[in-house]
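# Understanding the architecture of this molecule
One letter stands for each residue in the lines below.
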Amino acid sequence: MPSDTDWLSFVPRSVRTTPADLLAVVVVVVLTCGAVTVPGVRDTPLRIVLGLPCVLFVPGYAVIAALFPEAGPSVAADGDADAADRTGIDGIERVALSFGTSIAVVSLLGLLLNFTPWGLRLVPIVVSIGALTVVAAVVGSRRRAALPEGERFGVTVRSSLPDGPNPFSSGSRTDAAFAVVLVLCLAAAVGVGGYMVAAPGSGESFSEVYVLTENQSGQLAAEDYPIEFTAGEPTPLTVVVGNHEGTQTDYVVVSQLQRVRVANNTTTVLERESLTRYRPSVDADSTWRTEHAVTPTMTGDRLRLTYLLYEGTAPAEPTAENAAQEVHLWVNVTDSNSESS
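Residues numbered from 1 in each chain as written. Predicted model: local features only at pLDDT ≥ 70, side-chain atom pairs only at ≥ 80, totals over all residues. Heavy atoms only, no water.

So, on to the side chain of Thr 133. Structurally, Thr 133 can be placed in helix H6 (residues 122-145). The class for Thr 133 is buried, based on a relative accessible area of 1%. Non-local contacts of Thr 133, meaning those with residues more than four positions away in its chain, are made with Val 25, Val 29, Val 58, Pro 59 and Ala 62. (Helix = DSSP H or I, 4+ residues; strand = E, 2+ residues; numbered from the N terminus. Buried < 20%, exposed > 50% of the residue type's maximum accessible area, 1.4 Å probe, protein only. Contact = heavy atoms within 4.5 Å.)

Further remarks concern the sheet that holds strand E8 (residues 286-294). Taken together, four strands build an open sheet; the order of strands is E2-E1-E4-E8 and the sheet is antiparallel. The open sheet has two edge strands with one neighbour each: strand E2 (220-221) and E8. In the sheet, strand E4 (residues 235-244) pairs with E8 via nine bridges, with the strands oriented antiparallel. If you follow Thr 235 over to E8, its bridge partner there is Val 294. (Pairing = 2+ DSSP bridges.)

Attention shifts here to the pairing of strand E5 (residues 249-263). Look at any regular strand and the pattern is simple: side chains alternate between the two faces of the sheet. Summarising the sheet, E5 and strand E7 (residues 281-282) pair through two bridges and their orientation is antiparallel. Looking at the pairing, Asp 250 lines up with Ser 281 of E7. One ladder, built from eight bridges, connects E5 with strand E9 (residues 300-311); its direction is antiparallel. Residue pairing in the sheet places Val 254 in a bridge with Leu 308 of E9. Alignment of E5 against strand E6 (residues 266-278), held across eleven bridges, turns out to be antiparallel. Bridge pairing in E6 places Arg 259 opposite Glu 271. Hairpin connection between E5 and E6: a loop of two residues separates the two successive antiparallel strands, and Asn 264 in this loop has a positive phi of roughly 55°.

Right, let's get into the pattern of salt bridges. Inspection of the entire model under this criterion finds two salt bridges. Asp 21 is the salt-bridge partner of Arg 144, the closest N and O atoms lying 2.8 Å from each other. With a gap of 123 residues between them, Arg 144 in helix H6 and Asp 21 in helix H2 (residues 20-37) connect regions that are remote in the sequence. Here the two residues Arg 144 and Asp 21 agree in accessibility, since each one is buried. (Salt bridge = Lys/Arg side-chain N within 4 Å of Asp/Glu carboxyl O.)

Right, let's talk about the confidence of the model for the protein chain for a bit. For the protein chain, mean pLDDT is 79; residues scoring 70 or higher make up 74% of the total. The element-level mean pLDDT for the protein chain is lowest in helix H7 (residues 173-198), coming to 53, with E9 highest at 96. Note that pLDDT drops below 50 for residues 167-171; the model gives that stretch 14 contacts with residues more than four away or on any other chain. A low-confidence stretch, residues 196-202 (pLDDT under 50), is modelled with four contacts involving residues beyond four sequence positions or located in other chains. (pLDDT = per-residue confidence, 0-100.)

A cluster of nonpolar residues, Leu 108, Leu 111, Leu 112 and Phe 115, forms a patch on the protein surface that exposes about 450 Å² of accessible area. When you line up the elements, Phe 115 lands in the loop between helix H5 (91-113) and H6. Its relative accessible area of 65% is what places Phe 115 among the exposed residues. (Patch = residues over 30% accessible without salt bridge, like charges linked within 9 Å, V, L, I, M, F, W, Y side chains within 5 Å. Areas by Shrake-Rupley, 256 points an atom, 1.4 Å probe, with all protein chains shown as cover.)

Counted by the stated rule, this structure contains three aromatic pairs. When the ring of Phe 57 is compared with that of Phe 99, the centres are 5.1 Å apart and the planes differ by 55°; the resulting orientation is tilted. Separated by 42 residues along the polypeptide, Phe 57 in the loop between helix H3 (46-56) and helix H4 (58-67) and Phe 99 in helix H5 bring together distant segments of the chain. For Phe 57, a relative accessible area of 23% corresponds to the partly exposed category. Centre to centre, the rings of Tyr 278 and Trp 288 are 5.8 Å apart; their planes meet at 55°, and the pair counts as tilted. Here Tyr 278 is found in strand E6, whereas its partner Trp 288 is found in strand E8, with ten residues between them in sequence. Residue Trp 288 is classed as partly exposed on the basis of its relative accessible area, which comes to 22%. (Phe/Tyr/Trp six-rings, centres within 6.5 Å; stacked < 30°, edge-to-face > 60°.)

This part takes up the packing of H4 against H6. Running from amino to carboxyl end, H4 crosses H6 at an angle of 30°, the nearest separation of the two axes being 7 Å. In terms of axis orientation, H4 runs roughly parallel to H6. In this structure, the crossing between H4 and H6 has a hand that is left-handed. Of H6, the residues touching H4 (which contributes Val 58, Pro 59, Tyr 61, Ala 62, Val 63, Ala 65, Ala 66 and Leu 67) are Ile 129, Thr 133, Ala 136, Ala 137, Val 139, Gly 140, Arg 143 and Arg 144. Here the residues of the contact of H4 with H6 are counted per class, giving twelve nonpolar, two polar and two charged. (Axes fitted to C-alpha atoms, helices over the stretch in contact; angles between N-to-C directions. Parallel < 35°, antiparallel > 145°, perpendicular 65-115°, else oblique. Left-handed = near helix turned anticlockwise from the far one by under 90°. Nonpolar A, V, L, I, M, F, W, Y, C, P; charged D, E, K, R; others polar.)

Structure representation (C-alpha coordinates):
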(Lines give C-alpha, C1' and ligand atoms only; values in the text may rest on other atoms or scores of the structure.)
Protein backbone atom coordinates (compact mmCIF):
# COMPACT_ATOMS: atom_id res chain seq x y z
CA MET A 1 0.00 0.00 0.00
CA PRO A 2 1.51 3.38 -0.93
CA SER A 3 2.82 5.60 1.81
CA ASP A 4 0.95 8.70 2.89
CA THR A 5 3.89 10.78 1.69
CA ASP A 6 3.93 9.34 -1.84
CA TRP A 7 2.06 12.41 -3.08
CA LEU A 8 5.16 14.48 -2.36
CA SER A 9 6.88 12.79 -5.28
CA PHE A 10 4.64 14.76 -7.59
CA VAL A 11 5.98 18.03 -6.16
CA PRO A 12 9.14 19.33 -7.86
CA ARG A 13 12.25 18.83 -5.76
CA SER A 14 13.08 22.55 -5.96
CA VAL A 15 9.78 23.28 -4.23
CA ARG A 16 10.14 20.50 -1.65
CA THR A 17 13.58 21.73 -0.62
CA THR A 18 12.60 25.42 -0.45
CA PRO A 19 12.52 26.75 3.12
CA ALA A 20 8.96 27.09 4.38
CA ASP A 21 9.26 30.81 5.18
CA LEU A 22 10.58 31.69 1.70
CA LEU A 23 7.98 29.47 0.05
CA ALA A 24 5.32 31.39 2.01
CA VAL A 25 6.83 34.65 0.70
CA VAL A 26 6.41 33.50 -2.90
CA VAL A 27 2.84 32.34 -2.21
CA VAL A 28 1.95 35.75 -0.73
CA VAL A 29 3.39 37.50 -3.80
CA VAL A 30 1.39 35.31 -6.19
CA LEU A 31 -1.82 35.78 -4.22
CA THR A 32 -1.27 39.55 -4.06
CA CYS A 33 -0.74 39.79 -7.82
CA GLY A 34 -4.00 37.93 -8.31
CA ALA A 35 -5.85 40.04 -5.75
CA VAL A 36 -4.96 43.33 -7.46
CA THR A 37 -5.41 42.24 -11.09
CA VAL A 38 -8.20 39.64 -11.29
CA PRO A 39 -11.60 41.25 -12.00
CA GLY A 40 -14.09 40.68 -9.23
CA VAL A 41 -11.31 40.14 -6.69
CA ARG A 42 -9.43 43.41 -6.96
CA ASP A 43 -12.39 45.33 -5.54
CA THR A 44 -12.66 43.17 -2.41
CA PRO A 45 -10.95 43.65 1.00
CA LEU A 46 -8.63 40.76 0.05
CA ARG A 47 -6.63 43.26 -1.97
CA ILE A 48 -5.88 45.25 1.18
CA VAL A 49 -5.32 42.20 3.40
CA LEU A 50 -2.66 40.83 1.05
CA GLY A 51 -1.38 44.15 -0.26
CA LEU A 52 -0.24 45.62 3.05
CA PRO A 53 2.11 42.74 4.02
CA CYS A 54 3.37 42.58 0.44
CA VAL A 55 4.40 46.24 0.64
CA LEU A 56 5.39 46.66 4.30
CA PHE A 57 7.09 43.35 5.16
CA VAL A 58 7.44 40.64 2.49
CA PRO A 59 9.98 42.33 0.12
CA GLY A 60 12.26 43.26 3.02
CA TYR A 61 12.04 39.76 4.51
CA ALA A 62 13.12 38.22 1.20
CA VAL A 63 16.02 40.65 0.82
CA ILE A 64 17.18 40.05 4.41
CA ALA A 65 16.92 36.30 3.82
CA ALA A 66 19.24 36.67 0.82
CA LEU A 67 21.71 38.83 2.76
CA PHE A 68 21.69 36.81 5.99
CA PRO A 69 21.08 33.09 5.33
CA GLU A 70 22.83 32.09 8.57
CA ALA A 71 21.07 31.45 11.86
CA GLY A 72 21.76 33.89 14.67
CA PRO A 73 23.83 32.97 17.73
CA SER A 74 20.72 32.59 19.89
CA VAL A 75 19.33 29.84 17.64
CA ALA A 76 22.18 27.45 18.31
CA ALA A 77 21.57 24.43 20.44
CA ASP A 78 23.01 24.34 23.95
CA GLY A 79 26.64 23.48 24.03
CA ASP A 80 27.35 24.59 20.47
CA ALA A 81 30.84 26.06 20.71
CA ASP A 82 30.49 27.85 17.34
CA ALA A 83 27.27 29.68 18.27
CA ALA A 84 29.00 32.83 19.49
CA ASP A 85 31.01 33.11 16.26
CA ARG A 86 28.03 33.11 13.92
CA THR A 87 27.45 36.19 11.80
CA GLY A 88 23.70 35.73 11.32
CA ILE A 89 20.93 37.73 12.97
CA ASP A 90 18.25 36.50 15.32
CA GLY A 91 14.53 36.52 14.66
CA ILE A 92 13.73 39.86 16.30
CA GLU A 93 16.43 41.66 14.33
CA ARG A 94 15.27 39.91 11.17
CA VAL A 95 11.68 41.11 11.63
CA ALA A 96 12.72 44.68 12.41
CA LEU A 97 15.09 44.84 9.44
CA SER A 98 12.42 43.35 7.18
CA PHE A 99 10.04 46.25 7.82
CA GLY A 100 12.73 48.89 7.33
CA THR A 101 14.13 47.23 4.22
CA SER A 102 10.63 46.88 2.70
CA ILE A 103 10.00 50.60 3.03
CA ALA A 104 13.37 51.41 1.47
CA VAL A 105 12.98 48.89 -1.38
CA VAL A 106 9.42 49.93 -2.27
CA SER A 107 10.37 53.63 -2.20
CA LEU A 108 13.35 52.98 -4.48
CA LEU A 109 11.25 50.97 -6.92
CA GLY A 110 8.66 53.76 -7.01
CA LEU A 111 11.39 56.31 -7.76
CA LEU A 112 12.78 54.18 -10.58
CA LEU A 113 9.34 53.48 -12.08
CA ASN A 114 8.66 57.21 -12.16
CA PHE A 115 11.37 57.53 -14.84
CA THR A 116 10.08 54.66 -16.99
CA PRO A 117 7.34 54.63 -19.66
CA TRP A 118 5.10 52.61 -17.29
CA GLY A 119 5.06 55.27 -14.57
CA LEU A 120 3.64 54.95 -11.07
CA ARG A 121 0.67 52.74 -11.85
CA LEU A 122 -0.73 49.81 -9.92
CA VAL A 123 0.23 46.93 -12.20
CA PRO A 124 3.88 48.02 -12.79
CA ILE A 125 4.34 48.59 -9.05
CA VAL A 126 2.92 45.18 -8.12
CA VAL A 127 4.92 43.39 -10.82
CA SER A 128 8.20 45.09 -9.88
CA ILE A 129 7.77 44.42 -6.14
CA GLY A 130 6.73 40.83 -6.83
CA ALA A 131 9.63 40.17 -9.21
CA LEU A 132 12.20 41.59 -6.80
CA THR A 133 10.73 39.60 -3.90
CA VAL A 134 10.75 36.30 -5.81
CA VAL A 135 14.33 36.83 -7.02
CA ALA A 136 15.47 37.65 -3.48
CA ALA A 137 13.65 34.58 -2.12
CA VAL A 138 15.34 32.32 -4.70
CA VAL A 139 18.75 33.77 -3.86
CA GLY A 140 18.07 33.37 -0.13
CA SER A 141 17.00 29.74 -0.62
CA ARG A 142 20.14 28.90 -2.59
CA ARG A 143 22.41 30.62 -0.07
CA ARG A 144 20.82 28.67 2.79
CA ALA A 145 21.21 25.39 0.90
CA ALA A 146 24.92 26.10 0.51
CA LEU A 147 25.38 26.25 4.30
CA PRO A 148 25.71 23.26 6.65
CA GLU A 149 22.28 22.28 7.95
CA GLY A 150 23.07 23.33 11.51
CA GLU A 151 24.00 26.87 10.46
CA ARG A 152 20.95 27.68 8.33
CA PHE A 153 18.25 30.04 9.51
CA GLY A 154 14.83 28.48 9.56
CA VAL A 155 11.41 28.93 11.07
CA THR A 156 10.10 25.74 12.63
CA VAL A 157 6.41 25.16 13.26
CA ARG A 158 5.63 22.94 16.26
CA SER A 159 2.37 21.57 17.61
CA SER A 160 3.36 22.25 21.22
CA LEU A 161 5.52 24.66 23.14
CA PRO A 162 9.14 24.19 22.09
CA ASP A 163 11.58 22.79 24.57
CA GLY A 164 14.62 24.02 22.70
CA PRO A 165 15.76 27.49 21.71
CA ASN A 166 13.32 29.60 19.70
CA PRO A 167 14.80 31.41 16.70
CA PHE A 168 12.69 34.45 17.57
CA SER A 169 13.78 34.66 21.20
CA SER A 170 17.15 35.56 22.66
CA GLY A 171 16.31 34.48 26.21
CA SER A 172 16.94 37.86 27.83
CA ARG A 173 14.07 39.57 29.65
CA THR A 174 15.17 42.89 28.19
CA ASP A 175 15.14 41.46 24.69
CA ALA A 176 11.77 39.85 25.33
CA ALA A 177 10.31 43.19 26.44
CA PHE A 178 11.84 44.83 23.40
CA ALA A 179 10.24 42.17 21.21
CA VAL A 180 6.81 42.81 22.71
CA VAL A 181 7.12 46.59 22.22
CA LEU A 182 8.36 46.08 18.66
CA VAL A 183 5.47 43.79 17.76
CA LEU A 184 2.94 46.21 19.26
CA CYS A 185 4.43 49.15 17.34
CA LEU A 186 4.46 47.22 14.08
CA ALA A 187 0.89 46.07 14.64
CA ALA A 188 -0.18 49.67 15.27
CA ALA A 189 1.62 50.85 12.13
CA VAL A 190 -0.01 48.15 10.00
CA GLY A 191 -3.40 48.90 11.55
CA VAL A 192 -3.13 52.63 10.85
CA GLY A 193 -1.93 51.97 7.32
CA GLY A 194 -4.79 49.56 6.72
CA TYR A 195 -7.34 52.05 8.00
CA MET A 196 -5.93 54.79 5.75
CA VAL A 197 -6.12 52.50 2.73
CA ALA A 198 -9.55 51.05 3.54
CA ALA A 199 -11.18 54.33 4.57
CA PRO A 200 -9.33 57.21 2.87
CA GLY A 201 -10.38 60.74 3.57
CA SER A 202 -12.47 62.64 1.10
CA GLY A 203 -9.54 64.91 0.23
CA GLU A 204 -9.68 68.44 -1.10
CA SER A 205 -12.34 69.22 -3.71
CA PHE A 206 -11.45 71.57 -6.55
CA SER A 207 -11.93 72.33 -10.24
CA GLU A 208 -9.24 73.14 -12.78
CA VAL A 209 -8.88 74.50 -16.28
CA TYR A 210 -5.79 74.22 -18.45
CA VAL A 211 -4.70 74.49 -22.06
CA LEU A 212 -2.87 71.92 -24.18
CA THR A 213 -1.35 72.05 -27.63
CA GLU A 214 -0.12 69.45 -30.08
CA ASN A 215 3.64 68.86 -29.91
CA GLN A 216 5.96 67.65 -32.66
CA SER A 217 5.04 64.01 -32.07
CA GLY A 218 1.33 64.73 -32.41
CA GLN A 219 0.57 64.36 -28.69
CA LEU A 220 -1.25 66.91 -26.56
CA ALA A 221 1.12 68.52 -24.08
CA ALA A 222 1.40 71.57 -21.86
CA GLU A 223 4.46 72.91 -23.67
CA ASP A 224 5.58 74.65 -26.85
CA TYR A 225 2.45 76.79 -27.06
CA PRO A 226 2.01 78.87 -30.21
CA ILE A 227 3.02 82.47 -29.63
CA GLU A 228 2.55 84.10 -33.02
CA PHE A 229 -1.07 84.51 -34.16
CA THR A 230 -2.52 86.18 -37.23
CA ALA A 231 -5.71 88.25 -37.03
CA GLY A 232 -8.63 86.46 -38.64
CA GLU A 233 -6.81 83.13 -38.95
CA PRO A 234 -7.66 80.24 -36.57
CA THR A 235 -5.00 78.64 -34.37
CA PRO A 236 -6.04 75.42 -32.59
CA LEU A 237 -5.66 74.93 -28.84
CA THR A 238 -7.25 72.29 -26.59
CA VAL A 239 -9.13 73.46 -23.50
CA VAL A 240 -9.50 70.97 -20.63
CA VAL A 241 -11.71 71.20 -17.53
CA GLY A 242 -11.13 68.81 -14.62
CA ASN A 243 -13.85 68.12 -12.07
CA HIS A 244 -12.57 67.05 -8.63
CA GLU A 245 -15.56 68.32 -6.69
CA GLY A 246 -16.89 64.85 -5.92
CA THR A 247 -20.15 65.42 -7.82
CA GLN A 248 -21.32 66.30 -11.32
CA THR A 249 -20.80 70.03 -11.92
CA ASP A 250 -21.91 72.50 -14.59
CA TYR A 251 -19.22 74.93 -15.74
CA VAL A 252 -18.82 77.96 -17.94
CA VAL A 253 -15.48 78.58 -19.69
CA VAL A 254 -14.99 82.12 -20.99
CA SER A 255 -12.11 82.88 -23.36
CA GLN A 256 -10.87 86.43 -23.88
CA LEU A 257 -8.01 88.20 -25.61
CA GLN A 258 -6.85 91.07 -23.41
CA ARG A 259 -4.59 94.04 -23.92
CA VAL A 260 -3.00 94.71 -20.56
CA ARG A 261 -0.56 97.06 -18.91
CA VAL A 262 1.79 95.74 -16.23
CA ALA A 263 3.30 98.31 -13.87
CA ASN A 264 4.43 98.11 -10.25
CA ASN A 265 3.42 94.44 -10.01
CA THR A 266 -0.12 95.40 -11.02
CA THR A 267 -1.88 94.20 -14.17
CA THR A 268 -4.53 96.47 -15.65
CA VAL A 269 -6.78 95.30 -18.47
CA LEU A 270 -7.05 98.07 -21.07
CA GLU A 271 -9.16 96.24 -23.67
CA ARG A 272 -10.98 92.91 -23.92
CA GLU A 273 -12.07 90.88 -26.89
CA SER A 274 -14.54 88.07 -26.16
CA LEU A 275 -13.72 84.96 -28.15
CA THR A 276 -16.08 82.13 -27.19
CA ARG A 277 -17.89 80.42 -24.30
CA TYR A 278 -18.32 76.76 -23.43
CA ARG A 279 -20.86 75.30 -21.02
CA PRO A 280 -19.75 71.74 -20.23
CA SER A 281 -21.35 69.47 -17.63
CA VAL A 282 -18.58 67.27 -16.20
CA ASP A 283 -19.06 64.11 -14.17
CA ALA A 284 -17.29 63.69 -10.83
CA ASP A 285 -13.57 62.86 -11.12
CA SER A 286 -13.70 63.30 -14.90
CA THR A 287 -12.31 65.71 -17.46
CA TRP A 288 -13.87 67.49 -20.42
CA ARG A 289 -11.90 68.75 -23.40
CA THR A 290 -12.58 70.56 -26.62
CA GLU A 291 -10.57 72.10 -29.42
CA HIS A 292 -10.71 75.88 -29.48
CA ALA A 293 -9.84 77.51 -32.78
CA VAL A 294 -8.57 80.88 -31.58
CA THR A 295 -9.44 83.50 -34.22
CA PRO A 296 -8.49 86.92 -32.85
CA THR A 297 -9.21 90.33 -34.37
CA MET A 298 -7.32 92.45 -31.85
CA THR A 299 -3.68 92.96 -32.83
CA GLY A 300 -0.61 93.79 -30.78
CA ASP A 301 2.33 92.36 -28.86
CA ARG A 302 2.16 90.73 -25.42
CA LEU A 303 -1.57 90.21 -25.50
CA ARG A 304 -3.04 87.91 -22.86
CA LEU A 305 -5.12 84.98 -24.12
CA THR A 306 -7.16 84.14 -21.02
CA TYR A 307 -9.49 81.30 -20.06
CA LEU A 308 -11.80 81.90 -17.09
CA LEU A 309 -13.60 79.03 -15.35
CA TYR A 310 -16.88 79.44 -13.47
CA GLU A 311 -19.09 76.94 -11.67
CA GLY A 312 -22.77 77.23 -12.56
CA THR A 313 -23.05 80.56 -14.36
CA ALA A 314 -20.69 83.34 -15.38
CA PRO A 315 -21.17 87.01 -14.38
CA ALA A 316 -22.07 89.71 -16.88
CA GLU A 317 -18.47 90.97 -16.86
CA PRO A 318 -16.08 88.02 -16.50
CA THR A 319 -12.68 88.92 -15.07
CA ALA A 320 -9.75 87.07 -13.59
CA GLU A 321 -10.75 88.44 -10.17
CA ASN A 322 -14.25 86.92 -10.13
CA ALA A 323 -13.36 83.60 -11.81
CA ALA A 324 -12.99 80.34 -9.88
CA GLN A 325 -9.89 79.45 -11.93
CA GLU A 326 -7.88 81.29 -14.55
CA VAL A 327 -5.16 80.32 -17.01
CA HIS A 328 -3.55 82.46 -19.71
CA LEU A 329 -0.95 82.56 -22.47
CA TRP A 330 1.05 85.54 -23.74
CA VAL A 331 0.73 85.89 -27.51
CA ASN A 332 1.51 88.28 -30.35
CA VAL A 333 -1.19 88.96 -32.95
CA THR A 334 -0.25 90.57 -36.27
CA ASP A 335 -2.47 91.98 -38.99
CA SER A 336 -2.77 89.69 -42.00
CA ASN A 337 -2.55 92.71 -44.34
CA SER A 338 0.78 93.79 -42.88
CA GLU A 339 2.18 90.27 -43.39
CA SER A 340 1.11 90.14 -47.05
CA SER A 341 2.67 93.50 -47.74
